[in-house]
Amino acid sequence: MTVTADSSEYTSWLAGLRSWARRDADQPDAWRTAAAQGLLSLPVPDHLGGAGAGYEATCRAMEAIAEESGGSGLPFAISAHLWACQEPLAAFGTAGQHAAYLDGMMSGELVGAFAATEYDAGSDLLSLKTAAKQTDTGSWCLTGSKTFVTNGPVADLFLVLARTAEGSSLAALSAFLVPRSAPGLTIGPDMNKSALPGARLGTVQLDEVVIPAQACLGGAGGGFAVLMHAMRVERAFILAPALGLMARALRQAVEHARTRSQGGSLLAEYDTIRARIVRMHLSLTTARETLYTTARRADAGTLDHPRSSLTKLRLSSEFGAFCAELSDVYGGYALLPETGVAQLTADAVASRYYSGTSDMQIKIIAEGLGL
Amino acid sequence: MTEQDFVLTTVQDAVQDVAPGVELTDDMPLIAAGIIDSLSLLKVVSRLEHDLGVRIRDTEILPRNFETIGAIRAFLATKAR
């Protein structure tokens, strides 16, 4: 399938995906069945065996899954796999690396994870400590520990960022493809968290993990370029599922306002409630227009880092504003799990921190303005 | 301003926060010496793309292409305009 987001072929496919998401997205084998729909190969260029459908088409699919299923964890986990692992593999990988991993990632056989963050190096990844030393035979020996690794507990392939030279230098970073089965690689227990239920988060310990020379992605010293590529794409698109979650919550809030009475009148008759729901609609519309303008730029090959950061900042801000209004529409009911308001609010809070904090996005946007 | 001067000026502007007052020369190591940090590199890339109308791919943001002013000029010379 080589299609674009505006083709009738894609529209039919997306309808099928929506049907799958309503029925099967909460099943234990959802990752595999999502892949069977062709979801994971969607953004990969056709010359690499993907659908070549592009970023806009993939974002529409991620939005649809979240909207139909109401779950944030699965689309977030898939996004981490797609944007932070599969995407840099497709962009930087050699023919041998593509042959070893790309088909498996697209088919759902291999789950990918990006292991970059360290306990002492959050958004400042240039100061990370995990070290990779090249042996006399050319193979690499990795030692260090990673945290906040999305998909970590279930991943089959880790894209590990490590230091191959001393000092906080751009040339000191390199990226490595490390299979879960590599001796010396230990997966920590699931990190308990309040947001994104179902998306697994964990730690990864590397104790003298030896991998062959050809496991280096982008070449020695190319880690910064790999990181920048992954972040540019991930920041732009990781919040696509939030659009679907907001659309679903907006529909439910309208229904709630039209059916619940307070003081003898329906909530929908109160100007304050109407205004809140209108502001939710405004947030969703703004977020959606920002995301898809960005996605079309990316498909045209003109997405730069400031725009990517602006997209994430805009979407996470609108997500937070949306949830604040949503909470006020429900009042005390917002605290009941069945309304989903508290969960959505936790997801919105998390969106300010993953893939670079809002402060980091502001810094990148400011640099882009020449400040 | 010639393109030669433009590259020098662009890099000089971008590194002001990290290395204020440093007079750059063609063969001064920018990355190894920490004169260019991650954000200033992105700023250089963005400015070159915008003002020279070139496309610089992520896969090209490699130390060897940005290590010195001379390397940046040589890299730009390979780009189609």
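Residues numbered from 1 in each chain as written. Chains lettered and ligands numbered in written order. Predicted model: local features only at pLDDT ≥ 70, side-chain atom pairs only at ≥ 80, totals over all residues.

A. Region of the structure containing the overall build of chain A. For chain A, the count of helices and strands is 11 helices and 10 strands. In terms of overall dimensions, chain A is globule-like: its C-alpha atoms have a radius of gyration of 21 Å, near the 21 Å expected for 371 residues. Viewed in the frame of its principal axes, chain A has a C-alpha envelope of about 80 × 45 × 45 Å. In chain A, buried positions account for 52% of the 371 residues. (Helix = DSSP H or I, 4+ residues; strand = E, 2+ residues; numbered from the N terminus. Rg over C-alpha atoms; globule rule 2.2 N^0.38 Å. Buried ≥ 20, exposed ≤ 12 C-beta atoms within 10 Å, placed from the backbone.)

B. Highlighting the overall build of chain B. Secondary structure assignment for chain B yields 4 helices and 0 strands. Its helices and strands in sequence order give chain B the pattern α-α-α-α, from N to C terminus. What you see for chain B is a C-alpha radius of gyration of 11 Å, in line with the 12 Å of a compact globule of 81 residues. If one aligns the C-alpha atoms of chain B with their principal axes, the spans along those axes are about 30 × 30 × 20 Å. Here chain B, with 81 residues, has 32% of them falling under the buried criterion. Taking contacts inside chain B between residues at least 6 apart in sequence as the whole, the part at least 24 apart equals 59%. (Contact = placed C-beta atoms within 7 Å.)

C. Structural context of helix α6 (residues 223–237) of chain A. If you check α6 of chain A, its first and last C-alpha atoms are 21 Å apart, about what 15 residues at 1.5 Å a residue would give, namely 21 Å. Of all 15 residues making up α6 of chain A, 15 are buried, and the element is well covered by its neighbours. (Expected span 1.5 Å × (residues − 1).)

D. Looking closely at the nonpolar core. Residues and elements named next belong to chain A. Counting 137 residues, the largest nonpolar core has Ala115, Leu142, Val160, Phe176 and Leu326 as its most contacted members. In terms of residues, this core owes the most to one element, helix α4 (residues 73–92), which gives 12 residues. Each residue touching Ala115, except ones within four places of it in the same chain, is listed here: Lys146, Val149, Phe158, Leu159, Val160, Leu161 and Val204. (Core = buried A, V, L, I, M, F, W, Y, C linked by C-beta atoms within 7 Å.)

E. Examining the environment of Ala298 of chain A more closely. Residue and element names in this part refer to chain A. Within the secondary structure, Ala298 sits in helix α8 (residues 271–299). Each C-alpha atom, one on Ala298 and one on Val233, is 8.4 Å from the other, the two residues being 65 residues apart in sequence. Every residue in contact with Ala298, bar those within four places of it in the chain, is listed here: Tyr55, Ala236 and Leu303.

F. A look at the interface of chain B and chain A. Taken residue by residue, the interface counts 16 residues in chain B and 22 residues in chain A. A per-element tally of the side of chain B that touches chain A places helix α2 (residues 38–52) of chain B first, with 6 residues.

G. Geometry of the pairing of strand β1 (residues 112–115) of chain A. All names here are of chain A. Taking every second residue as pointing to the same face, both faces of β1 are buried, with Gly112 and Phe114 on one and Ala113 and Ala115 on the other. Of the pairings in the sheet, the one linking β1 to strand β4 (residues 157–163) comprises 4 bridges and is parallel in character. Looking across to β4, one finds that Ala113 is bridged to Phe158. (Pairing = 2+ DSSP bridges.)

H. Here's a closer look at the domain arrangement of chain A. All names here are of chain A. Domain annotation of chain A identifies domain 1 (8–107), domain 2 (112–228) and domain 3 (239–368). Each of domain 1 and domain 2 was reduced to a C-alpha centroid, and the two centroids are 23 Å apart. Sorting the residues of the side of domain 1 that touches domain 2 by element identifies α4 and α5 (95–107) as the ones contributing at least two each. If one sorts the elements of the side of domain 1 that touches domain 2 by residue count, α4 sits on top with 12 residues. (Domains from an automatic or database assignment.)

I. Region of interest: helix α7 (residues 240–259) of chain A. Here α7 of chain A contains 20 residues, and its C-alpha end-to-end distance of 30 Å stays within 8% of the 28 Å for a straight helix at 1.5 Å per residue. If you check which residues of α7 of chain A are buried, you get Ala240, Pro241, Ala242, Leu243, Gly244, Leu245, Met246, Ala249, Ala253, His256 and Ala257 of chain A.

J. View of unusual backbone geometry. Residue and element names in this part refer to chain A. In this structure, Glu208 is a non-glycine residue whose phi angle is positive, near 50°. By secondary structure assignment, the location of Glu208 is in strand β7 (residues 201–211). Overall, the presence of 10 C-beta atoms within 10 Å leaves Glu208 in the exposed class. A positive phi is found at Ser355, a non-glycine position, where the angle reads about 60°. Residue placement: Ser355 occurs in the loop between α10 (341–350) and α11 (358–368). Look at Ser355 and you get buried, because 26 C-beta atoms sit within 10 Å.

K. Region of interest: the confidence of the model for chain B. All names here are of chain B. With 91% of its residues at a pLDDT of at least 70, chain B reaches an overall mean of 81. By mean pLDDT, the top-scoring element of chain B is helix α4 (residues 69–77) (89), and the lowest-scoring one is helix α1 (residues 3–14) (77). Two numbers describe this predicted complex: its pTM, 0.91, and its ipTM, 0.76. (pLDDT = per-residue confidence, 0-100.)

L. Main features of the environment of Ala91 of chain A. Inspection of the secondary structure assignment puts Ala91 of chain A in helix α4. Excluding its chain neighbours within four sequence positions, the residues that come into contact with Ala91 of chain A are His229 of chain A together with Asp58 and Thr59 of chain B.

M. Representation of the environment of Ala321 of chain A in the model. Position of Ala321 of chain A relative to the elements: it lies in helix α9 (residues 305–330). Under the C-beta neighbour-count criterion, Ala321 of chain A is labelled partly exposed, with 17 such atoms within 10 Å.

N. The arrangement of the packing of α7 of chain A against α9 of chain A in detail. Residue and element names in this part refer to chain A. Put simply, α7 and α9 touch, their axes get as near as 11 Å, and they point 20° apart. The angle between the axes of α7 and α9 places the two elements in the roughly parallel class. Remark: the crossing between α7 and α9 carries left-handed chirality. Contacts between α7 and α9 involve Ala242, Met246, Ala249, Ala253, His256 and Ala257 from the first element and Leu315, Phe319, Phe322, Leu326, Val329 and Tyr330 from the second. Residues belonging to the contact of α7 with α9 are distributed by class as follows: 11 nonpolar, 1 polar and no charged. (Axes fitted to C-alpha atoms, helices over the stretch in contact; angles between N-to-C directions. Parallel < 35°, antiparallel > 145°, perpendicular 65-115°, else oblique. Left-handed = near helix turned anticlockwise from the far one by under 90°. Nonpolar A, V, L, I, M, F, W, Y, C, P; charged D, E, K, R; others polar.)

O. Region of the structure containing the packing of α6 of chain A against α9 of chain A. Residues and elements named next belong to chain A. The geometry of α6 relative to α9 is characterised by a closest axis approach of 7 Å and an angle of 35° between their N-to-C directions. Judged by the twist between their axes, the crossing of α6 over α9 is left-handed. On α9, the residues touching Arg232, Arg235 and Ala236 of α6 are His305, Ser308, Ser309, Thr311 and Lys312.

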